[in-house]
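Topology and contacts: notes
Residue-level listing of the chains:
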Amino acid sequence: MQIYDVIIIGGGPAGLAAGLYAGRARMKTLLIEKDKDGGQIVITSEVENYPGCMEEESGVSLVARMTHQTEKFGVERAQDAITAVDFSGDVKVLKGKKGEYHARSVIIATGAFPRPIGCEGEKELIGKGVSYCATCDGNFFEDMDIYVVGGGDTAVEEAMYLTKFGRKVTIVHRRDQLRAAKSIQEKALKNPKINFLWDTVITKLKGDGLLESMVIKNLKTGEETEIHAPEEDGTFGVFGFIGFLPQSSIFEGAINLEDGYIPTNERMETNIPGVFAAGDIRVKDIRQVVTAAADGAIAAMMAEKYLEH
């Protein structure tokens, strides 16, 4: 039976950073990813807020270099989907569709993904006008129209942030009033750059290479309207802020969860000795590439210390 020093579940920035640090520490490391490396970042056409990124850096190019670094330091790879885990013993057991894996420590870096808006054309236009991260993509819509989907605290706060960039920011909400805290609502209602589309959902997004128009529907009247990008802009931004979906279902019952996320301390330790969590799967306030990478580095270093003892 092959027993690794550490197994990393997930090949996004957190998992790749963990692999880099574990590999450099000469730990016998296996990184398991069910799909392609990168997680959410690979759908980003331009990355400007990761320290040291190259000009015209894309999510794909940044992740490719991260992957190369892990391979350089001897990290083994497996493409498999983990379906069950057993963290009860000193040797942790991971069961995948293709096989069973064993390790003395585990780093969970499975991530969390934005809840989709749920309209036709959304998937095809992600990174081409559709975004779920104001910090990442707000500046790409300088002096353009921006639409924010959602009515909770995050949606309203991000809409106010996006007024720094957009000519006009319109909150599209399926109800006739916001769900955000009253203090946040008051600021938004007073902001002259924020408008509202009440009782409204987006039913379709259209565009050839870039988002060019969207169809909205009034839920009370049933009326549908198509909104086109201003001719001088050629496109506009649609940002979805209706929650995240943590990729944690396989860990239920095996580890403590809070609303699907994994709580850790600053050492990335979970409630199970030898099991660490890093990146967007953690309970945290900021979910960015740079914070995920930092989590991964810390988790690998703490796994090394755990193994030493």
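Our subject is the structure listed above.
Residues numbered from 1 in each chain as written. Predicted model: local features only at pLDDT ≥ 70, side-chain atom pairs only at ≥ 80, totals over all residues. Heavy atoms only, no water.

1. Some thoughts on the overall build of the protein
Along the backbone of the protein there are six helices and 17 strands. Radius of gyration (C-alpha) of the protein: 21 Å, near the 19 Å computed for a compact globule of 309 residues. Counting the 309 residues in the protein, one finds 51% classified as buried. Once local pairs closer than 6 in sequence are excluded, the contacts in the protein between residues at least 24 apart make up 59%. Accessible surface for the protein amounts to roughly 15,300 Å². Of this, 48% is attributable to carbon and sulfur atoms. Considering the protein, the positive charge centre built from 35 side chains and the negative charge centre built from 46 side chains are found 4 Å apart. (Helix = DSSP H or I, 4+ residues; strand = E, 2+ residues; numbered from the N terminus. Rg over C-alpha atoms; globule rule 2.2 N^0.38 Å. Buried < 20%, exposed > 50% of the residue type's maximum accessible area, 1.4 Å probe, protein only. Contact = heavy atoms within 4.5 Å. Areas by Shrake-Rupley, 256 points an atom, 1.4 Å probe, with all protein chains shown as cover. Lys, Arg positive; Asp, Glu negative; His and termini not counted. Charge placed at Lys NZ, Arg CZ, Asp CG, Glu CD.)

2. Some thoughts on the state of the cysteines
Tallied over the entire structure, the rule returns one disulfide. A sulfur-sulfur separation of 2.2 Å characterises the disulfide bridge that pairs Cys133 with Cys136. Between Cys133 and Cys136, the S-S torsion sits near 70 degrees, and that sign places the bridge as right-handed. For Cys133, a relative accessible area of 17% corresponds to the buried category. When its relative accessible area of 23% is taken as the criterion, Cys136 is described as partly exposed. We note that Cys53 lacks a disulfide partner, and the nearest cysteine sulfur, in Cys136, lies 12 Å from it. Cys119 takes part in no disulfide bond, and the closest cysteine sulfur, belonging to Cys133, lies 19 Å away. Under the relative-accessibility criterion, Cys119 is labelled buried at 11%. (Disulfide = S-S within 2.5 Å.)

3. Describing helix α4 (residues 153-162)
Burial in α4 covers these residues: Ala155, Val156, Ala159, Met160 and Leu162. Viewed end-on, α4 has its buried residues packed into an arc of 160 degrees, placing them on one side of the element. Buried residues along α4 sit against α3 (134-137), β9 (145-149), β10 (168-172), α5 (182-190), β11 (194-197) and β15 (237-240). (Arc of directions from axis to C-beta.)

4. A closer look at a negative patch on the surface
A cluster of acidic residues, Glu46, Glu48, Glu55 and Glu56, forms a negative patch at the surface. Looking at where Glu56 falls in the secondary structure, it is placed in the loop between β2 (29-33) and α2 (59-72). Here Glu56 falls in the exposed class, since its relative accessible area comes to 76%. (Patch = residues over 30% accessible without salt bridge, like charges linked within 9 Å, V, L, I, M, F, W, Y side chains within 5 Å. Salt bridge = Lys/Arg side-chain N within 4 Å of Asp/Glu carboxyl O.)

5. A closer look at the packing of aromatic side chains
Under the definition given, this model contains seven aromatic pairs. Their ring planes at 70 degrees and their centres at 5.6 Å tell us that Tyr147 and Phe236 sit as a pair that is edge-to-face. A residue pair is termed long-range when its members are at least 10 positions apart, and Tyr147 in strand β9 and Phe236 in the loop between β14 (224-228) and β15 qualify at 89 residues. Across this residue pair, the class does not change: Tyr147 and Phe236 are buried. On the numbers, 4.8 Å between centres and 0 degrees between planes, the contact of Phe196 with Trp198 is stacked. Aromatic ring contacts, followed pair by pair, group Phe141, Phe239 and Phe241 into a single cluster. The ring of Phe73 has Arg24 sitting right over it, with the charged end atom 5.7 Å from the ring centre. (Phe/Tyr/Trp six-rings, centres within 6.5 Å; stacked < 30°, edge-to-face > 60°. Lys NZ or Arg CZ within 6 Å of the ring centre and 35° of its normal.)

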